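# Descriptive analysis of the structure
Take a look at the letters that make up each chain.
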Amino acid sequence: MYSLKLSDRQTIDYQVRISRRARNVRLTISAREGLTIIVPHAFALSRIPSLVEAKKDWIASHLERFIAAARSCEDAPTDALPEVISLPALGETWQVEYRETPARSVAAVSDGTGKIVIRGAVGDERACRAAMKRWLSRRAGDRLVPWLLQISEQHGLPFLRAVIKGQRTRWASCSRSKTINLNYKLLFLPPPIVRYILLHELCHTRQLDHSPKFWALVMSLEPEYRSLVKELRQGQKLVPGWASHAQRR
Ligand SMILES: [Zn+2]
């Protein structure tokens, strides 16, 4: 544990984490771990105190916000940012790279090489999480919506449109107007369960309630639905913490 004197009245402790994947030095502040300095493994540790000293103003300004967040317990960020994101629904694994730039905001951009670059004020964990959730929404739009369309056509169950959301607990829903809402957190579930949820919502385009008639339709298209429903009860546990908390700013 190191410590930094912010002012005559305030000294804070921080920890140093050596990351195999980090390219640059990165500062993070979270409710669980406090101030953490993440450094590439070849980095000379003797340089850290002066580096942290130089970031003093930034730390002080973020610390106030962090303390305010930690005070309202539910609002406190509790999960560390990922270095790897697995999306079982799509059979994809993405490496995450954090690049500090002078920008005030944070953006997440991916290319075809399996890497997501989080760029900007990456010391702001909340902004990083928000950027990654926006990325997840785009990915869900790109991949889940065509999947929904394919099942829709396969079974002759047309819908009006699909919208990606980040609801806290609902995986998906279907409105009277046949608009289907899909949660980007579906990306963290295994493919058979995602397929079942897509099918379930498409069945609602014909039968809005959960009547015996509805379940008979589901049964006719997915005879194994009961075991999938059972598996789905554990679904929330598959969503990583950074992606599961509601975003409040
Ligand atoms: Zn339903």
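Owing to the predicted nature of the structure, the values given are computational and were not obtained by experimental measurement. (Residues numbered from 1 in each chain as written. Predicted model: local features only at pLDDT ≥ 70, side-chain atom pairs only at ≥ 80, totals over all residues. Heavy atoms only, no water.)

### Observations concerning the coordination of the zinc ion
Defined as follows: A donor here means any N, O or S atom no more than 2.8 Å from the metal (3.2 Å for Na, K and Ca); water is not included, so a site may seem to lack partners. Working definition: with a 1.4 Å probe on protein chains only, accessible area under 20% of the residue-type maximum means buried, over 50% means exposed, and in between means partly exposed.
Protein ligation of the zinc ion involves His 200 (NE2), His 204 (NE2) and His 210 (NE2), the donor distances falling in the range 2.0 Å. Judged by its relative accessible area of 6%, His 204 falls in the buried class.

### A few points about the packing of aromatic side chains
Let me state the cut-off plainly: Ring pairs are drawn from Phe, Tyr and Trp, using the six-membered ring of Trp, whenever the two centres fall within 6.5 Å, and their geometry is named by plane angle: stacked under 30 degrees, edge-to-face over 60, tilted for the rest. Comment: elements are numbered from the N terminus, with helices defined as DSSP H or I runs of at least four residues and strands as E runs of at least two. To sit over a ring, a charge needs its Lys NZ or Arg CZ within 6 Å of the ring centre and within 35 degrees of the ring normal.
Scanning the model with the defined rule gives 4 aromatic pairs in all. Look at Phe 188 and Trp 242: their rings are 6.2 Å apart centre to centre, the planes differ by 85°, and that puts the pair in the edge-to-face class. Remark: Trp 242 occurs in helix α7 (residues 241–244) and Phe 188 occurs in the loop between β11 (179–183) and α4 (191–204); sequence separation between them is 54 residues. The exposure classification of Phe 188 matches that of Trp 242, with both residues buried. Taken together through their ring pairs, the aromatic side chains of Phe 214, Trp 215 and Tyr 225 make up a single cluster. Its end group placed over the ring of Tyr 98, Arg 26 keeps NZ or CZ at 4.0 Å from the ring centre.

### Remarks on the domain arrangement of the protein chain
Heads up, the condition is: Start and end positions for the domains come from either an automated domain assignment or a database one. Throughout, the accessible surface (probe 1.4 Å) given up by two parts as they are put together, summed over both, is called the buried area. Whenever Lys or Arg places a side-chain nitrogen within 4 Å of a carboxyl oxygen from Asp or Glu, that contact is recorded as a salt bridge. A 3.5 Å cut-off defines polar contacts: any pair of N or O atoms within that distance qualifies, except that in protein one atom must be a possible hydrogen donor and the other a possible acceptor, and neighbouring residues in sequence count only when both atoms are side-chain atoms. Ten residues, namely Ala, Val, Leu, Ile, Met, Phe, Trp, Tyr, Cys and Pro, are considered nonpolar, four, namely Asp, Glu, Lys and Arg, are considered charged, and the remaining ones, Gly among them, are considered polar.
When its domains are assigned, the protein chain resolves into domain 1 (2–75), domain 2 (84–131) and domain 3 (138–238). Here domain 2 and domain 3 have C-alpha centroids that lie 27 Å from each other. A buried area of about 760 Å², summed over both sides, lies between domain 2 and domain 3, and 61% of it is on carbon and sulfur atoms. Interface area lost by domain 2 to domain 3 is led by Pro 88, Ala 89 and Leu 90, which between them contribute 58%. For Glu 92, the salt bridge goes to Arg 139, with nearest N and O atoms at 2.6 Å. Applying the counting rule to domain 2 against domain 3 returns 5 residue pairs in polar contact (both at pLDDT 80 or more). For the side of domain 2 that touches domain 3, the secondary-structure elements that each account for two or more residues are β5 (84–87) and β6 (92–100). Split into classes, the residues belonging to the side of domain 2 that touches domain 3 amount to 7 nonpolar, 1 polar and 1 charged.

### What to know about the pattern of salt bridges
Counted according to the given criterion, the structure contains 8 salt bridges. We note a salt bridge from Lys 56 to Glu 53, for which the minimum N-O separation is 3.2 Å. For the salt bridge of Glu 97 with Arg 99, the shortest nitrogen-to-oxygen distance reads 2.8 Å. For Glu 97, a relative accessible area of 7% puts it in the buried group. Three or more residues joined by partner-sharing salt bridges are found here, namely Arg 23, Glu 97, Arg 99 and Lys 115.

### Some points on the pairing of β5
Here is the rule: Any two strands between which DSSP finds at least two bridges are classified as paired.
Side chains of β5 alternate between two faces, with Ile 85 and Leu 87 buried and Val 84 and Ser 86 left unburied. Relative to β6, β5 is paired through 4 bridges, and the arrangement is antiparallel. Opposite Ser 86, over in β6, you have Thr 93 as the bridge partner. Hairpin connection of β5 to β6: 4 residues between the antiparallel strands, including Gly 91 at a positive phi of 65°.

### What about the packing of α4 against helix α6 (residues 225–232)?
Basically, it comes down to this: Angles run from 0 to 180 degrees between N-to-C directions of axes, and those axes are lines fitted to C-alpha atoms, restricted for helices to the stretch in contact. For classification purposes, an angle smaller than 35 degrees is called roughly parallel, one larger than 145 roughly antiparallel, one from 65 to 115 roughly perpendicular, and anything else oblique. Residue contacts are counted whenever heavy atoms from the two residues lie within 4.5 Å of one another.
Interaxial distance between α4 and α6 falls to 10 Å at its minimum, and their mutual angle equals 110°. Here α4 lies roughly perpendicular to α6, going by the angle between them. Residues Pro 192, Ile 193, Tyr 196 and Ile 197 of α4 lie in contact with α6, whose contacting residues are Tyr 225, Leu 228, Val 229, Glu 231 and Leu 232. For the contact of α4 with α6, the residue count by class is 8 nonpolar, no polar and 1 charged.

### Focus: the sheet that holds strand β10 (residues 172–174)
The mixed open sheet is built from 3 strands, whose spatial order is β9-β11-β10. In the strand order of this sheet, the two ends are held by β9 (161–165) and β10, each with one partner. Strand-to-strand twist in this sheet, taken as the mean axis angle between neighbours without regard to direction, amounts to 15°. Examined bridge by bridge, β10 and β11 share 3 bridges and lie antiparallel to one another. Counted as the bridge partner of Cys 174 is Ile 180 from β11. Along the sheet, helix α3 (residues 125–155) makes contact with β9 and β11, crossing β9 at roughly 145°. Against the sheet, α4 engages β10 and β11, with an angle of about 15° to β10.

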